[in-house]
Amino acid sequence: MYLSRPEKSYSGVTMHQLNILNKMHINLQNAEDLQSVGEASLIIDEIIGYSLKGEPNGSAADMIIWANKKDVPVRSLDIPSGLNPTHGKVSEPVIYVDTTTPFAPPQNRTCRENAERFVGELFLADIGVPPELYSRLSIQASNNLFKENNIILIREYSEEIS
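What follows concerns the packing of aromatic side chains. Under the criterion given, the structure shown has one aromatic pair. On the numbers, 5.0 Å between centres and 45° between planes, the contact of Tyr96 with Phe118 is tilted. Placement of Tyr96 in the loop between β4 (74–77) and β5 (99–101) and of Phe118 in helix α3 (residues 113–119) is noted, with a sequence separation of 22 residues between them. A relative accessible area of 2% places Phe118 in the buried class. Of note, Arg5 hangs over the ring of Tyr10, and the distance from its end group to the ring centre comes to 4.0 Å.

The following block contains the structure:
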C-alpha cells in the first residue's frame, strides 16, 4: 500500500485507519517508491477521497498519473481521486477507473454528466446506511436491498459514458 504523504501527517480518522493497517502488518510505503513497481494486476484508488481541496498536486497527482498509465483494472472506493466529492467538478489530473463503489448513495457528485466517464460501473456497498437514503438514486430500497449480495450494481458502464 502506498501513501500519498508521510504517515506522521495524518490525523483523526485517517490516522486511526493507518494504525489499524500497522497492527495488521500491512506494508506501507511512500508514493516515491511507486515508481519502482514493475507490473500490477489491480489498482485500488483511495488516493485523495474527501480531502480534495483544489487540484491534486504533489505525490497525489503523481500517483494518479502513474495509475492512468497502467493497463490494469482500476477500482475506486467511494469517489475517483480528482473528482470533487461535493459538486462533481473534474480536476486535472483525475484518475480513470473501471468501477466505483461508494459506501453510501453517491448523490449527484459521481453521476453528473461531466463526471460519469471517470466513474465506470457504479456499485453500492452495504455499510449499514438506512434504506430511505437510497431514494436519491431512485432505488426501491428496503431492509432486503442487500439480501443477495453486500455489493450491488447500480449503473453499468456503457460507451455513452466513456
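The subject of this paragraph is unusual backbone geometry. In this structure, Pro93 follows Glu92 across a cis peptide bond, with omega equal to 0°. A positive phi angle is found at His25, which is not glycine, with a value near 60°. By the secondary structure assignment, His25 is in the loop between α1 (12–23) and β2 (29–30). A relative accessible area of 72% means that His25 is categorised as exposed. For Asp78, which is not glycine, the phi dihedral falls at a positive 75°. Residue placement: Asp78 occurs in the loop between β4 and β5. For Asp78, a relative accessible area of 13% gives the class buried.

This part takes up helix α2 (residues 58–69). Between its first and last C-alpha, α2 extends 17 Å over 12 residues, near the 16 Å set by a 1.5 Å rise per residue. Among all positions of α2, only Ser59, Ala60, Ala61, Met63, Ile64, Trp66 and Ala67 are buried.

Let us look at the pairing of β4. Burial along β4 is one-sided: the residues Val74 and Ser76 are buried and none of Arg75 and Leu77 is. Sheet analysis places strand β3 (residues 43–45) next to β4, joined by three bridges and oriented parallel. Directly across from Ile44, in β4, lies its bridge partner Arg75.

This part covers the sheet that holds strand β7 (residues 151–155). Overall, mixed pairing links the five strands, which are arranged β3-β4-β5-β6-β7 in an open sheet. Looking along the sheet, the strands with just one partner apiece sit at the ends: β3 and β7. The average undirected angle you get between the axes of adjacent strands in this sheet is 25°. Bridge analysis of β4 against β5 gives three bridges, and the strand direction is parallel.

Cut-offs and rules
- Residues numbered from 1 in each chain as written.
- Predicted model: local features only at pLDDT ≥ 70, side-chain atom pairs only at ≥ 80, totals over all residues.
- Heavy atoms only, no water.
- Phe/Tyr/Trp six-rings, centres within 6.5 Å; stacked < 30°, edge-to-face > 60°.
- Helix = DSSP H or I, 4+ residues; strand = E, 2+ residues; numbered from the N terminus.
- Buried < 20%, exposed > 50% of the residue type's maximum accessible area, 1.4 Å probe, protein only.
- Lys NZ or Arg CZ within 6 Å of the ring centre and 35° of its normal.
- Expected span 1.5 Å × (residues − 1).
- Pairing = 2+ DSSP bridges.
- Axes fitted to C-alpha atoms, helices over the stretch in contact; angles between N-to-C directions.

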